[in-house]
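Take a look at the letters that make up each chain.
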Amino acid sequence: MHFARRWWNQLVASLIQQDIDEELQFHIEMLVRAGVRAGLDEPTARRRALGRFGSYVRIRRACSSVYGIAVPGSINRGALMQNLWQDARYALRNIVRQPTFSVVAISTLGVGIAASTVMFSAVNSTVLNPIPFTDGDRMARVWHESPSGGMRFSPDPVSVNAWRERATTVEELATWGSDAMLVRTGGEPQQVTVGVASVELFPFLGIQPVIGRAFQPADTVEGQNRVVILAERHWQRHYNRDREIIGQTVTLNDEPHTVIGIAPRLADSFFPANRSSQLDYAFLIPAANRHATMVKLRSGVTTVQTEHELGQIHAQIEVETGTPNGWTVDVSRPIDTVSSSLKVGLWVLLGAVGFVLLVACINVANMLLVRGVTRSHELALRQSLGAGTPRMVRQLLVESAFITTAAAVLALALTGPALHLLRTLAPQGLAALRGVRFDTPVLVTAIGITTVITLAFGLVPLTQVRRLNLAALFNSGRSGHSTPMRTGLRNILVALEVAMATVLFVGAGLMMRTLMELSQHDPGFQATNLITFGIHLPESRYPNEPTREGFIRDVRDRIGALPAVQRMAVGGIGTVGVMESEVQVEGASEPAPSRLVMVDLVSDGFFETLGMHIRGRGFTRAEINTKAKGVVVVNETFERTYFGGESAVGQRYRAGNEGSWITIVGVVSDVHLSGMLQESETLQIYQPYHTWNLNTRPFVIRTTGDPRSVLSLLKGAIWTIDNDLPLRNVEVATQMLSDAIARPRFNAIVMTAFALAGLLLATVGVYTVVSMAQQYRQHELGVRVALGATGRDTMRLMLGYGMKPVLVGAVLGLITAVGLSRFMSTLLFEVTPVDPATYVVVTLTLTLTALTASFLPARRAQRVDPVAVLRCQ
Amino acid sequence: MGKDRPDLLHGTLTLLILKAIERESQHGYQIARTIEAATNDVLKVEEGSLYPALHRMKQRGLIKASWGRSENQRRAKFYEITAVGRKTLHRETEEWGKYASAVGRMLRTSE
């Protein structure tokens, strides 16, 4: 802005001064004329006129100062402005006159800036600054933590209320959560997730409804609480931003709810959009209190202090209510809860995009160097004609300012679609990325990058002019032999480009290999033709276990009878429950320390339906029907952990050193949806489902064909039993597997795109160098051919020019890659950072590409006609 | 040059310029000549004072400037009196009259 204003002021000033100049010149002319009329000859008349006129500069300055324009000394500001204007026009002409150069430079830089802006946005909104709200840096989540620290829960309302009243380190507190509600779309019941916002939430976040009002305390009073706030995206999609929506009703759980407001998009970070179910979090309902709790710390207070205070209050509550549970309090900023592998992945990608941008810059610098050969003639000529260095610096700066400004505009145009692409690419597993926002710091960064590039590139050709001896310039004529220095610099740049492309390629290769390993990974069950969903039985209609058991039996009978269904069972893929428990194996002197154990609650036929490998046996129909207790199936990790190398089948254990003994009837393979390191050591047990009395049950169904096509049959079968039960969490197993590796796939895809961009740019670099060598060595080549060099010799010579920097760069890149890939090790799976196969493939690809890039200009060099070249000289 | 010519009192030049262009707009050179002619060359207008004064007056809104053709068909900047300028001229002329007669009276009495 500052620059623009100065420019504008200078422009205005120059116009005024031109005006003054012309006026004064006219006056002098009139004086001369009067002198001539009086009989003087013109030179004398002019001399007299000027003498009479007095100090031109002083008068001019006095006139200018009326307008607040300072004219220091005798420097002609008007001329300066005129120069700037000239420079601008000159630069534009240059840019238009060399369309190839301009287009390549602008698009290279533009894409580079856009890519880094987008990646920076991703890192910024997930890692650096995940809460886009006022005072976001003082906001922190509060959890209850189990004694071992292994489990975290949203805190209980009693504690929350106590904190709200007693905590002094906390400025504000807000809670939120979600509910499952029934929405009918086209007559079909659909289970949707509804956001629940405490009355404090909107003020806490400092957000206002787009229209309408936020929740008020009165909205939580039973009987007045049938109000709803719509998410802005839902309002847009379904109501076309109709402002009349306020006061109308929507039906949730078969009851009318009055729309009182529209929540702004900022609220999406709490109530995120869901691509597979567009109605999820489309509705927000009020509540006095919910479990998920966030606090705003008083300024200057650390999370540790708050944690300490809230912990003390919680302990007091435990004493007062007489219900000690040993839980502690954890206060952490959202930044601490972003998973570390997501963080590492994003940092690696940000590093990668930085490399791409660097390669892009180097490429443009290289092109400027090449162009500088012609430009330096012109600049040297201008210098000899009296253009001062500052003038030339300014001219070059103006020119590159045009290029980078155009690149920045292009980048800004690309950023929107690129962010959209990123959000689309980011799958279910990467919810954090779907909230990526383009915000001001990112914009500032982009502009910063552009400015640095402008300054750096603007002066490249000037460094060459300095080196150019004018006499040598004219002696060499237009052929412009490139000096060894410049060739050297270009070779260094190409080597650098190739090195960075190599690093990018190695990164992409390692991630691709990881992805391949992961997708071939055995999940521990057969995923094809497998579908799972849950059914929630409302308390009102299924008040006790017999009614629920009756429903489950009906479902099993009806669905099991469908010809499209091979097998079905109660139970989920992955985990239903979790508990923390000490395990004492029978015969051991004392229990092993408390650890987290995942629990799945299943029926007979479960392991067969999933196609899991089992030693021993699964549960029998009789065990399910008689509600047998004390039988369990464990996974191999459980067996390995507690029974060493022995088989656990038939062994017994108990939780802690009391309680009843549990018999392990079977051991199944571990279920790994993704195979990533984090979940490889999960202890899992399977219990008959009725050992935990729950309202919600998952089912697994193996179909004969594509499970998606069977889904409507499954729904129909369930709705013949109860017409009002929606299916929730419908998931196809193959899709679950695919989602489970979403993050590595995302990393691999983005990294590969970066690597390809780097390769493309490096290829352009190599091509440029060899073409230039071919062009500027015409003479030398002609002489060589005249002296008997064969086409093959010429080819070898030319390929040598191209390949030398490539090979140096590749070696440099491989060494750097070995060093850098250590940082990626947490992102890799069954691939070491120094995976030889990857390195070999990368080197081959790069070398071949570079060879191809050198080959075309080398071919042209082969066709040099020595007679023509030498005659030319 | 410049002997026996009274310096222009502050504010007087403004008044003279306004008077010079009271009937028709003129360019700077004409204004200087008009003033000199009307005062029988007693008052000599220095270019160094004239042009800054013109630009100041323009800024104050006493006169308007526009580019036009001079009598010899050259591009010249013409100054025209504005309504404000006219009002100022009348007021100042009156003031000047009082001032001049007061000074005259004083000088006459001391003689």
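1. Comments concerning the overall build of chain B
Reasoning step 1: Each helix and strand counted, chain B has 4 helices and 3 strands in total.
Reasoning step 2: N-terminal to C-terminal, the α/β element order of chain B is α-β-α-α-β-β-α.
Reasoning step 3: Expressed as a percentage of the 111 residues in chain B, the buried residues total 28%.
Reasoning step 4: Taking contacts inside chain B between residues at least 6 apart in sequence as the whole, the part at least 24 apart equals 50%.

2. Topic: the overall build of chain A
Reasoning step 1: The helix and strand inventory of chain A stands at 28 helices and 21 strands.
Reasoning step 2: In chain A, buried positions account for 39% of the 873 residues.
Reasoning step 3: Sequence separation of 24 or more characterises 82% of the internal contacts of chain A that already satisfy a separation of 6 or more.

3. Considering the interface of chain A and chain B
Reasoning step 1: Tallying the contact residues gives 13 residues for chain A and 12 residues for chain B.
Reasoning step 2: Elements represented by at least two residues in the side of chain A that touches chain B include exactly α1 (2-37) and α3 (56-66) of chain A.
Reasoning step 3: No other element matches α1(A), which puts 6 residues into the side of chain A that touches chain B.
Reasoning step 4: Classifying every residue of the side of chain A that touches chain B by side-chain character gives 8 nonpolar, 2 polar and 3 charged.

4. What to know about helix α2 (residues 28-38) of chain B
Each full turn of the α-helix corresponds to 3.6 residues, which orients residues three or four apart in the same direction.
Residue and element names in this part refer to chain B.
Reasoning step 1: Three or more residues of α2 are buried, namely Gly28, Tyr29, Ile31, Ala32 and Ile35. Summarising the axial view, the buried residues of α2 lie within an arc of 165 degrees, below the 170-degree limit, and thus occupy one face.
Reasoning step 2: The first or second residue beyond α2 is asparagine 40, which carries a positive phi of 50 degrees.

5. With respect to the nonpolar core
Residue and element names in this part refer to chain A.
Reasoning step 1: Of all hydrophobic cores here, the largest spans 136 residues; its most connected members are Val356, Val498 and Leu504.
Reasoning step 2: Ranked by residues supplied to this core, first place goes to helix α17 (residues 484-519) with 18 residues.
Reasoning step 3: Counting contributing residues, this core receives three or more from each of domain 3 (340-520 + 742-872) and domain 4 (538-724).
Reasoning step 4: When residues no more than four places from it in sequence are discounted, the contact partners of leucine 504 are Ala352, Phe355, Val356, Phe754, Ala755 and Gly758.

6. Description of the packing of helix α6 (residues 157-166) of chain A against helix α9 (residues 303-321) of chain A
All names here are of chain A.
Reasoning step 1: Here α6 crosses α9 at 120 degrees, and the two axes come no closer than 10 Å. In terms of orientation, α6 and α9 fall into the oblique class. Helix-helix and strand crossings are classified by hand; for α6 and α9 the assignment is right-handed. When α6 is examined against α9, the residues Val158, Ser159, Ala162, Trp163 and Arg166 are found in contact with a partner set consisting of Leu310, Ile313, His314, Ile317 and Thr321.

7. Some words on the sheet that holds strand β11 (residues 530-536) of chain A
Residues and elements named next belong to chain A.
Reasoning step 1: Here 4 strands make up an open sheet; going across it, the order is β12-β20-β11-β21 and the pairing antiparallel. The sheet terminates laterally at β12 (565-570) and β21 (727-732), the two strands that pair on one side only. Across the sheet, the mean angle separating the axes of adjacent strands is 20 degrees when strand polarity is ignored.
Reasoning step 2: Taken together, the 4 bridges between β11 and β21 define a ladder with antiparallel strand orientation. Of the residues in β21, the one forming a bridge with isoleucine 531 is valine 732.
Reasoning step 3: Each of β12 and β20 (696-703) is contacted by helix α18 (residues 545-561), which is oriented at about 165 degrees to β12, the strand it contacts most.
Reasoning step 4: Along the sheet, helix α23 (residues 733-740) contacts β11 and β21; its crossing angle with β21, the most-contacted strand, is approximately 75 degrees.

8. Side note on the confidence of the model for chain B
All names here are of chain B.
Reasoning step 1: Taken over all residues, the pLDDT of chain B has a mean of 81, while the share at 70 or more is 87%.
Reasoning step 2: Low pLDDT (under 50) marks residues 1-7, which in the prediction has 3 contacts with non-local residues, meaning those over four places away or in another chain.
Reasoning step 3: Two numbers describe this predicted complex: its pTM, 0.62, and its ipTM, 0.86.

9. Some points on the pairing of strand β9 (residues 292-297) of chain A
Residue and element names in this part refer to chain A.
Reasoning step 1: In terms of residue burial, β9 counts as a mostly covered element, since 5 of its 6 residues are buried.
Reasoning step 2: Sheet analysis places strand β3 (residues 170-185) next to β9, joined by 6 bridges and oriented antiparallel. Residue pairing in the sheet places alanine 174 in a bridge with methionine 294 of β9.

10. A word on unusual backbone geometry
Residues and elements named next belong to chain A.
Reasoning step 1: At tyrosine 281, a residue that is not glycine, the phi angle is positive and equals roughly 60 degrees.
Reasoning step 2: With respect to the secondary-structure elements, tyrosine 281 resides in the loop between β7 (255-263) and β8 (283-287).
Reasoning step 3: Of note in this structure, asparagine 529 is not a glycine but carries a positive phi near 55 degrees.
Reasoning step 4: Within the element layout of this structure, asparagine 529 appears in the loop between α17 and β11.
Reasoning step 5: For asparagine 529, a count of 20 C-beta atoms within 10 Å puts it in the buried group.

11. Quick look at the packing of α3(A) against helix α3 (residues 47-60) of chain B
Reasoning step 1: Across the interface, α3(A) lies against α3(B) with an axial gap of 9 Å and an inter-helix angle of 10 degrees. Between α3(A) and α3(B), the angle is such that the two are roughly parallel. Here α3(A) and α3(B) pass one another in a crossing that is right-handed. Mapping the contact onto sequence places A:Arg58, A:Ile59, A:Ala62, A:Cys63 and A:Val66 in α3(A) and B:Glu47, B:Gly48, B:Tyr51, B:Pro52, B:His55, B:Arg56 and B:Gln59 in α3(B).
Reasoning step 2: A per-class count over the contact of α3(A) with α3(B) returns 6 nonpolar, 3 polar and 3 charged.

12. Structural notes on helix α26 (residues 791-820) of chain A
Reasoning step 1: Between its first and last C-alpha, α26(A) extends 42 Å over 30 residues, near the 44 Å set by a 1.5 Å rise per residue.
Reasoning step 2: Every buried residue belonging to α26(A) is among A:Thr794, A:Met798, A:Tyr801, A:Gly802, A:Pro805, A:Val806, A:Gly809, A:Ala810, A:Gly813, A:Leu814 and A:Ala817, and all of these are buried.

13. Here's the deal with the sheet that holds strand β2 (residues 63-69) of chain B
Residues and elements named next belong to chain B.
Reasoning step 1: Spatially, β1-β3-β2 is the arrangement adopted by the 3 strands of the open sheet, whose pairing is antiparallel. What marks the edges here is a single partner per strand, and that holds for β1 (26-27) and β2.
Reasoning step 2: When β1 meets strand β3 (residues 75-81), the two strands line up antiparallel, connected through 2 bridges. Each residue of the ladder has a partner; that of glutamine 26, found in β3, is tyrosine 79.

About the criteria used
- Residues numbered from 1 in each chain as written.
- Chains lettered and ligands numbered in written order.
- Predicted model: local features only at pLDDT ≥ 70, side-chain atom pairs only at ≥ 80, totals over all residues.
- Helix = DSSP H or I, 4+ residues; strand = E, 2+ residues; numbered from the N terminus.
- Buried ≥ 20, exposed ≤ 12 C-beta atoms within 10 Å, placed from the backbone.
- Contact = placed C-beta atoms within 7 Å.
- Nonpolar A, V, L, I, M, F, W, Y, C, P; charged D, E, K, R; others polar.
- Arc of directions from axis to C-beta.
- Core = buried A, V, L, I, M, F, W, Y, C linked by C-beta atoms within 7 Å.
- Domains from an automatic or database assignment.
- Axes fitted to C-alpha atoms, helices over the stretch in contact; angles between N-to-C directions.
- Parallel < 35°, antiparallel > 145°, perpendicular 65-115°, else oblique.
- Left-handed = near helix turned anticlockwise from the far one by under 90°.
- Pairing = 2+ DSSP bridges.
- pLDDT = per-residue confidence, 0-100.
- Expected span 1.5 Å × (residues − 1).

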